[in-house]
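Each chain, written out:
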Amino acid sequence: MAKILVIEDEIVLRELVRDELVKAKFDVIEAKNGREGWDLLNSEKPDLILLDLLMPVMNGYDFLIMMHDNAALRDIPCMVISNSGQSSDMNRAFELGAKEVLIKAEFNPDQVVDKVKKLLNITEKNS
Amino acid sequence: MEKTQKYQALIEHISDLEGQVTKLNQELNVANKKDEHNRQVAERQQLQLKTLQTVSSILFANLDSRKIFQLLCDTLVGEQGWSGACVVDAKLPKVSVPAHAGSINAAGVDHIKDYALTNTYFREAYYSNNAISTLSDNQKMSLSLRSLFNAPEVMAMPLIYGELQFGMLVVCGDLKQVGNQSLDFLAVLCEQVARAVHFSHNYSHLEQQNVKLRQLDDIKNSFISITSHQLRTPLSIVKWILSVLSTDQKILELPEQAKLISQAYDSNERLIHVVNDLLNVSRIQEGRLSCTLQKGSINDVITDVWGSTYSLIENMGMKYILEIEDDLPEVGFDRILLKEALRNLIDNAVDYNEEKGFVKIKAYALENKVYIVITNPGPGISREDQKKIYDQFFRSEGAIRQQPSGNGLGLYLTKAIIKEHKGDMFCESDCDKETSFTITLPISK
């Protein structure tokens with residue numbers, strides 16, 4: 001089954017979304033900041049990344065920049081989940097290569113999982 | 001015979017003209033001689049005008065008052081023939097060197113600083129904003145000035161603009177070299193300089209304020225970003241936990257507990273919504289609401305909003321009626337902001353409803369617009385109040401009675417959002433009648 005990398009510094013949110021993904025029969029690997037996420041991305045090569053923006057050590061923007069500098073990794077779909085809400089922040093995430101940007105406060109975890117499924121289906125249809 | 005006569009007449013005529021030319025030439029010579037004097041006067045005035053132009057053009061491009069005074073002194077010495085010039089400024093601190101040029105050197109400047117204002121005549125002129133010169137009838141004053149400035153002729157002119165005095169210009173020299181210099185010319189020059197110095201002071205004040213304002217703006221922007229994140233994070237945590245609990249098998253078997261969880265979820269949703277409103281309002285007040293319009297169909301947005309308000313309406317015991325046309329034509333919209341706008345209208349529809357009432361959302365396309373209409377029964381809005389409902393913080397008496405804890409921002413914000421969408425918004429209602437709020441959005445071409 002598809003492997004999802006969840007990069008989120010808030011433990012509760014990370015565990016809630018992990019549990020929903022596991023319920024939906026996904027394999028889940030977790031990271032608590034961009035640096036850890038980057039290491040796991042390289043070692044595990046997940047099928048999709050759920051990425052928070054504001055995190056310590058390395059934030060989501062820098063993660064996106066590094067990901068898209070790398071030809072082997074840039075095609076892995078990345079869904080940003082953030083709480084910033086300002087259009088400028090969201091647009092920046094899109095410009096840096098995010099396929100989807102969601103505001104955590106607007107979606108329930110099961111809706112996030114639905115969006116993950118939708119994004120992966122699209123990718124499968126394309127490939 | 002005729003030809004000869006005509007020829008003769010022509011010769012005479014030419015002769016006449018020659019006579020006139022000679023006469024005119026003579027008159028011209030006389031006039032030229034008179035002109036010489038006028039020419040010299042005009043030359044003098046030309047020089048003064050040139051000085052004015054030089055000084056003016058640099059004056060207003062220069063915003064440093066110290067440089068302006070120096071320019072004045074340099075020009076008077078360099079172009080007008082004075083041997084020395086300086087600006088005496090009583091307000092200047094001891095360590096600052098006042099502007100000076102020509103024979104008034106640094107030592108001279110020190111002397112002037114120490115003694116000028118101890119001289120009765122100079123001091124009186126300085127503090128009453130009057131010009132003085134050695135050309136006056138007052139012999140004693142002339143002598144006093146000559147000795148004070150150690151020069152045969154001295155003129156001093158105040159630098160004033162309106163009621164503000166910036167100092168006193170002092171020029172020294174030999175009048176034979178300077179020519180019949182008038183105090184009037186100096187007065188015009190000094191007025192220009194004082195005006196420029198006044199502007200330069202205003203400019204530096206404005207620049208300082210500008211820097212402070214920009215710093216405040218940056219602080220405000222980071223405050224909004226950080227607050228936004230810090231407020232929404234715990235709200236998201238509560239939202240997600242309650243969401244997971246509400247679908248938990250064990251909880252679903254306990255209807256009372258399930259209802260409590262659902263109500264807690266709704267309450268948390270409202271808080272999220274209030275936080276959104278406050279953050280958006282603070283952004284509008286800066287004069288901008290960052291709105292990115294993207295082409296698309298709003299069917300999804302309406303479905304999302306319905307999804308997030310469904311349980312709220314059910315828990316209130318109200319009916320939720322949807323009449324949405326499929327495949328609405330594309331419009332330009334900002335997903336987050338349009339959802340906020342619709343959410344505001346639905347919240348209002350729920351708050352100002354009647355016992356076991358309903359909320360209806362209708363969406364359709366007509367001519368070149370997409371219409372979204374939200375309708376509900378209830379106390380209605382009077383014609384009078386309809387004029388004020390879009391004002392920030394306005395709450396009608398009826399509204400306060402029914403919902404004491406509203407903040408009066410919902411419609412203000414919604415209107416601002418719809419305006420950014422190049423759309424329109426209007427209300428149909430009256431006391432104790434059904435209320436309808438309609439949003440129209442232009443269809444993308």
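Please refer to the structure placed before this passage.
The shown structure was predicted, so the numbers you read here are calculated from the model rather than taken from an experiment.

A. Region of interest: the overall build of chain A. When you go through chain A residue by residue, the secondary structure sums to five helices and five strands. Each helix and strand of chain A, ordered N terminal to C terminal, gives the series β-α-β-α-β-α-β-α-β-α. Looking at the 127 residues of chain A, the share that counts as buried comes to 55%. Taking the intrachain contacts of chain A between residues at least 6 apart in sequence as the baseline, contacts between residues at least 24 apart amount to 61%. About 5,700 Å² of surface is accessible on chain A, with carbon and sulfur atoms providing 48% of the total.

B. Looking closely at the layout of surface pockets. All names here are of chain B. Of the volumes computed, that of the largest pocket is approximately 790 Å³. Contributing to the lining of the largest pocket are 36 residues, with Asn 348, Asp 351, Tyr 352, Arg 395 and Ala 399 lying nearest its centre. Going through the elements one at a time, helix H9 (255-285), helix H11 (335-351), helix H13 (397-402), helix H14 (410-420) and strand E12 (435-442) are the ones with two or more residues in the lining of the largest pocket. If one sorts the elements of the lining of the largest pocket by residue count, H11 sits on top with six residues. Split by residue class, the lining of the largest pocket holds 13 nonpolar, 15 polar and eight charged.

C. Examining the nonpolar core more closely. Counting 42 residues, the largest nonpolar core has B:Ile298, B:Leu342 and B:Phe437 as the members making the most contacts within it. In contact with B:Leu342, not counting residues within four places along its chain, are B:Val301, B:Ile302, B:Val305, B:Ile372, B:Ile374 and B:Ile439. Core analysis: the second largest hydrophobic core is formed by 32 residues, A:Leu40, A:Val80, A:Met90 and B:Val275 among them.

D. Just the interface of chain A and chain B, in detail. Contact residues are listed per partner, giving 28 residues for chain A and 25 residues for chain B. Taking both partners together, chain A and chain B bury about 2,400 Å²; carbon and sulfur atoms supply 54% of that area. Where chain A packs against chain B, one counts two salt bridges. Across the salt bridge formed by A:Glu100 and B:Arg335, the nearest N and O atoms sit 3.8 Å from each other. Every element with two or more residues in the side of chain A that touches chain B is listed here: helix H1 (11-23), helix H4 (87-95), strand E5 (100-103) and helix H5 (109-126) of chain A.

E. Examining unusual backbone geometry more closely. Residue and element names in this part refer to chain A. Residues other than glycine seldom take positive phi values, yet Lys 25 does so here, at roughly 70°. Position of Lys 25 relative to the elements: it lies in the loop between H1 and strand E2 (27-31). Residue classification places Lys 25 among the exposed positions, given a relative accessible area of 62%. Look at Lys 45: it is not a glycine, yet its phi comes out positive at around 45°. Summarising the element assignment, Lys 45 is placed in the loop between helix H2 (34-44) and strand E3 (48-51).

F. Spatial organisation of the packing of aromatic side chains. Evaluation of the coordinates by the stated rule reveals eight aromatic pairs over all chains. An angle of 85° between the planes, with centres 6.3 Å apart, marks the rings of A:Trp38 and A:Phe63 as edge-to-face. Within this pair, whereas A:Trp38 is found in helix H2, its partner A:Phe63 is found in helix H3 (residues 60-69), the two being separated by 25 residues in sequence. For the pair formed by A:Trp38 and A:Phe63, the shared burial category is buried. Each residue in the set B:Phe122, B:Tyr126, B:Tyr127 and B:Phe149 is aromatic and connected to the rest through ring pairs, giving one cluster. Just above the ring of B:Tyr390 sits the side chain of B:Lys415; from NZ or CZ to the centre is 4.2 Å.

G. Just the environment of B:Ile241, in detail. For B:Ile241, the location among the structural elements is in helix H7 (residues 183-246). Put simply, B:Ile241 and B:Ile261 are 20 residues apart on the chain and 9.9 Å apart in space, counted from C-alpha to C-alpha. If sequence neighbours within four positions are ignored, B:Ile241 has contacts with A:Val12 and A:Leu16.

H. Up close: H2(A). Residues and elements named next belong to chain A. Among the residues making up H2, those that are buried are Gly 34, Gly 37, Trp 38, Leu 40 and Leu 41. On its buried face, H2 sits against strand E1 (3-7), E2, E3 and H3. Phi for Lys 45, located one or two positions after H2, is positive at around 45°.

The rules we used
Residues numbered from 1 in each chain as written. Chains lettered and ligands numbered in written order. Predicted model: local features only at pLDDT ≥ 70, side-chain atom pairs only at ≥ 80, totals over all residues. Heavy atoms only, no water. Helix = DSSP H or I, 4+ residues; strand = E, 2+ residues; numbered from the N terminus. Buried < 20%, exposed > 50% of the residue type's maximum accessible area, 1.4 Å probe, protein only. Contact = heavy atoms within 4.5 Å. Areas by Shrake-Rupley, 256 points an atom, 1.4 Å probe, with all protein chains shown as cover. 1 Å grid on protein atoms, 1.4 Å probe; cavity = no way out; pocket = protein on both sides within 12 Å on 5 of 7 lines; lining within 4 Å. Points joined across faces, edges and corners; volume = space filled by probe spheres on them. Nonpolar A, V, L, I, M, F, W, Y, C, P; charged D, E, K, R; others polar. Core = buried A, V, L, I, M, F, W, Y, C linked by side-chain atoms within 4.5 Å. Buried area = accessible area lost by both parts, 1.4 Å probe. Salt bridge = Lys/Arg side-chain N within 4 Å of Asp/Glu carboxyl O. Phe/Tyr/Trp six-rings, centres within 6.5 Å; stacked < 30°, edge-to-face > 60°. Lys NZ or Arg CZ within 6 Å of the ring centre and 35° of its normal.

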